[in-house]
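# Chains, contacts and geometry: an overview
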Amino acid sequence: QVQLVESGGGLVQAGGSLRLSCAASGVTFSSYAMGWFRQAPGKGREFVAGISRSGGTTDYADSVKGRFTISRDNAKNTVSLQMNSLKPEDTAVYYCAADYSYYTPQRIRTTPNTYAYWGQGTQVTVSS
């Protein structure tokens with residue numbers, strides 16, 4: 001079955017960095033656009049970053065542009081999120097998600113309910 005497993009979360013001071021990784025299994029990884037979302041306590045799940053299935057196109061939420069970088073390795077079935085200059089408002093559970101996009105190779109969607117598969121999430125806490 002499809003599995004997405006996130007890792008790399010933790011506690012970091014403001015201004016610090018973390019790198020999240022997501023390993024996929026049970027899917028043809030290169031057929032899926034991948035997204036990172038986050039959910040803070042009491043808030044809805046929001047789009048953070050996305051990458052097309054080829055890796056040629058990326059998209060970011062305005063709140064993380066210039067600080068976060070998404071990348072993927074289709075040979076290793078992994079997607080990563082490098083997070084720099086972290087702020088307390090980045091504190092949330094971070095999820096990776098997969099969106100089937102074989103016929104639309106450059107597509108990146110930002111709405112959570114368009115993603116078919118989700119990981120279990122990893123906690124990121126940024127202290128001030």
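Each remark here, short or long, concerns the structure printed above.
Because the structure is a prediction, the values reported are computed rather than measured.

## With respect to the overall build of the protein
Tallying secondary structure elements over the protein gives 0 helices and 11 strands in all. Reading the helices (α) and strands (β) of the protein from amino to carboxyl end gives β-β-β-β-β-β-β-β-β-β-β. A compact globule built from 128 residues would reach a C-alpha radius of gyration of about 14 Å, and the protein, at 14 Å, matches this within 12%. Oriented by its inertia axes, the alpha-carbon framework of the protein measures out at about 45 × 30 × 30 Å. Within the protein, the proportion of its 128 residues that are buried is 41%.

## Looking at the environment of Ala40
Within the secondary structure, Ala40 sits in the loop between strand E4 (32-39) and strand E5 (46-51). Taking the C-alpha atoms as reference points, Ala40 and Thr122, 82 residues apart in sequence, are found 12 Å from one another. In this view, Ala40 contacts Thr91 and Ala92; residues no more than four positions away in its chain are not counted.

## Thoughts on the environment of Gly8
Mapped onto the elements, Gly8 comes out in the loop between strand E1 (3-7) and strand E2 (10-13). Along the backbone, Gly8 and Ala92 are 84 residues apart, and their C-alpha atoms lie at a distance of 13 Å. Each residue touching Gly8, except ones within four places of it in the same chain, is listed here: Leu18, Arg19, Leu20 and Thr122.

## Let's talk about a nonpolar patch on the surface
Together, Tyr100, Tyr102 and Tyr103 make up a nonpolar patch on the protein surface, roughly 390 Å² of accessible area in all. The residue Tyr102 is located in the loop between strand E9 (92-100) and strand E10 (117-118) in this model.

## A closer look at unusual backbone geometry
In this structure, Asn77 takes a positive phi of about 55 degrees despite not being glycine. Tracing the backbone through its elements, the reader meets Asn77 in the loop between strand E7 (68-73) and strand E8 (78-83). The phi dihedral of Ser85 falls on the positive side, at around 50 degrees, and the residue is not glycine. Structurally, Ser85 can be placed in the loop between E8 and E9.

## Observations concerning the sheet that holds E7
Pairing is antiparallel across the open sheet formed by 4 strands, whose spatial order is E1-E3-E8-E7. Two strands bound the open sheet, and with one partner strand each, they are E1 and E7. In this sheet, adjacent strand axes meet at a mean angle of 15 degrees when their direction is disregarded. Sheet topology places E1 next to strand E3 (residues 18-25); 5 bridges connect them, and they run antiparallel. Paired with Ser7 across the two strands is Ser21, which belongs to E3.

## Notes on the pattern of salt bridges
A full pass over the atoms with the stated rule returns 6 salt bridges. The closest approach of N and O atoms between Arg38 and Glu46, which form a salt bridge, is 2.6 Å. Accessibility expressed as a relative area gives 7% for Arg38, which makes it buried. Its relative accessible area of 37% is what places Glu46 among the partly exposed residues. What emerges from the salt-bridge pattern is a single network uniting Arg38, Glu46, Arg67 and Asp90.

## A word on the side chain of Ser31
Here Ser31 lies in the loop between E3 and E4. Here Ser31 is in contact with Arg53, Asp99, Tyr100, Ser101 and Tyr102, once residues within four sequence places are set aside.

Rules and cut-offs
- Residues numbered from 1 in each chain as written.
- Predicted model: local features only at pLDDT ≥ 70, side-chain atom pairs only at ≥ 80, totals over all residues.
- Heavy atoms only, no water.
- Helix = DSSP H or I, 4+ residues; strand = E, 2+ residues; numbered from the N terminus.
- Rg over C-alpha atoms; globule rule 2.2 N^0.38 Å.
- Buried < 20%, exposed > 50% of the residue type's maximum accessible area, 1.4 Å probe, protein only.
- Contact = heavy atoms within 4.5 Å.
- Patch = residues over 30% accessible without salt bridge, like charges linked within 9 Å, V, L, I, M, F, W, Y side chains within 5 Å.
- Areas by Shrake-Rupley, 256 points an atom, 1.4 Å probe, with all protein chains shown as cover.
- Salt bridge = Lys/Arg side-chain N within 4 Å of Asp/Glu carboxyl O.
- Pairing = 2+ DSSP bridges.
- Axes fitted to C-alpha atoms, helices over the stretch in contact; angles between N-to-C directions.

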